[in-house]
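Structural overview for review
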Amino acid sequence: YNKEDSMSETLLNMISAFLEIFLVVLFVVIIFFLVLAARRGYKRGIYKSYEGCFKRLQSQAESLGISGQVHFMGESNAVYEDIACFDIFLMPSISEGFGMAAIEAQAAGLPTLVSTGVPRLVDVGLDLVRFLPLEVEAWVDAVCQIHPDVLPQREKIIAAFETHHLNAPTTV
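Residues numbered from 1 in each chain as written. Predicted model: local features only at pLDDT ≥ 70, side-chain atom pairs only at ≥ 80, totals over all residues. Heavy atoms only, no water.

**Quick notes on the overall build of the protein**
Basically, it comes down to this: Under the DSSP-based scheme used, a helix requires at least four consecutive residues in state H or I and a strand at least two consecutive residues in state E, with every element numbered from the N terminus. Per-residue accessibility, obtained with a 1.4 Å probe over protein chains only, is compared with the maximum for each type, and a residue is labelled buried under 20%, exposed over 50%, and partly exposed between these values. Contact definition: two residues touch when any of their heavy atoms are within 4.5 Å.
Tallying secondary structure elements over the protein gives six helices and three strands in all. Taken from the N to the C terminus, the helices and strands of the protein come in the order α-α-α-β-α-β-β-α-α. Within the protein, the proportion of its 172 residues that are buried is 23%. Restricting to contacts in the protein with at least 6 residues of sequence separation, those with at least 24 account for 39%.

**Let's talk about the packing of aromatic side chains**
Spelled out, the test is: Two aromatic rings, drawn from Phe, Tyr or Trp (for Trp, its six-membered ring), form a pair once their centres lie within 6.5 Å of each other, and the interplanar angle then sorts them: stacked below 30 degrees, edge-to-face above 60, tilted otherwise. Counting as a charge over the ring demands two things of the Lys NZ or Arg CZ atom: a distance within 6 Å of the ring centre and an angle within 35 degrees of the ring normal.
A full pass over the atoms with the stated rule returns zero aromatic pairs. Sitting over the face of the ring of phenylalanine 131, arginine 120 holds its NZ or CZ atom 4.3 Å from the ring centroid.

**Considering the side chain of glutamine 106**
What counts here: The term polar contact refers here to a pair of N or O atoms within 3.5 Å; inside protein, the definition further demands a hydrogen-donor-capable atom paired with an acceptor-capable atom, and it admits residues adjacent in sequence only when both atoms are side-chain atoms.
One can find glutamine 106 in helix 4 (residues 100–107). At 2.6 Å, the side chain of glutamine 106 forms a polar contact with the backbone oxygen of valine 122. With sequence-adjacent residues up to four places away left out, glutamine 106 is seen in contact with Thr112, Val122, Asp123, Val124, Gly125, Leu126, Leu128, Val129, Ile157 and Phe161.

**Some points on the confidence of the model for the protein**
Detailed reading of the predicted model is not advised wherever pLDDT is low. Put simply, the rule reads: pLDDT expresses how confident the predictor is about each individual residue, on a scale running from 0 to 100.
The predicted model of the protein averages 77 in pLDDT, with 74% of residues at 70 or higher. The weakest mean pLDDT in the protein belongs to helix 1 (residues 3–43) at 70; the strongest belongs to strand 3 (residues 129–132) at 95.

**So, the side chain of aspartate 82**
Mapped onto the secondary structure, aspartate 82 falls in helix 3 (residues 79–83). Each residue touching aspartate 82, except ones within four places of it in the same chain, is listed here: Met73 and Ser76.

**Focus on the environment of arginine 130**
For arginine 130, the position within the fold is in strand 3. Separated by 40 residues in sequence, arginine 130 and leucine 90 have C-alpha atoms that sit 9.8 Å apart.

**Re the layout of surface pockets**
Over the atoms a probe the size of a water molecule is rolled, and this reveals where empty space is left. What counts is decided by this rule: As defined here, a cavity is a set of points on a 1 Å grid over the protein atoms alone where a 1.4 Å probe fits but cannot get out. A pocket is an open set with protein on both sides within 12 Å along at least five of seven lines, and residues line them when an atom is within 4 Å of a point. Grid points are joined across faces, edges and corners, and a volume is the space filled by probe spheres set on the points. Classification used: nonpolar for Ala, Val, Leu, Ile, Met, Phe, Trp, Tyr, Cys and Pro, charged for Asp, Glu, Lys and Arg, polar for all others including Gly.
Its volume calculated, the largest pocket comes out at about 610 Å³. At three residues, the largest contribution of residues to the lining of the largest pocket is made by helix 3. Taken together, the residues of the lining of the largest pocket break down into nine nonpolar, three polar and four charged.

**A word on the nonpolar core**
We count it as follows: Each nonpolar core is a collection of buried residues, namely Ala, Val, Leu, Ile, Met, Phe, Trp, Tyr and Cys, held together in the definition by side-chain atoms within 4.5 Å.
Counting 19 residues, the largest nonpolar core has Phe89, Met91, Ala102, Val114, Val122, Leu126 and Phe161 as the members making the most contacts within it. Where this core is concerned, the elements lending two or more residues are strand 1 (89–91), helix 4, strand 3 and helix 6 (154–163). No other element matches helix 4, which puts four residues into this core. Discounting chain neighbours no more than four positions away, the residues touching methionine 91 are Glu96, Gly99, Ala101, Ala102, Leu113, Val114, Ser115, Val118 and Trp139.

Have a look at this one:
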């Protein structure tokens, strides 16, 4: 029996218990503030603006004379079926944590243009992704250069996803 080891072990256990309690309290405080912020944002109308934004985009498309070429699909639970209807996928994001939508677009075999704010790991190796700076001319040029007749086949898409240890959607 070593008294010094026993004291060290007891001290470590106490520190560990303190840290666990601290993390739980911190988590509860963070959740509290997130809920509070969400309630305040909802009361101020921040989260109610989806419909207003949607209507503004529709009227802008009408004023530009392109409402026949632009389809506003709204919310959907059938993401893979919706993405399969696209000709191209654009993600001009300032910053993304991961960019899952870009991976879903590749699973559907779509040419995928993403900003340099999207992590490079979203490219699953199908030669479908181009990373572009947030400059209008670069995006217009990239869209004009896409040829839909050179898109990968289903087998190539599934193989690329398996190579990157991702689950290929069953709808590919």
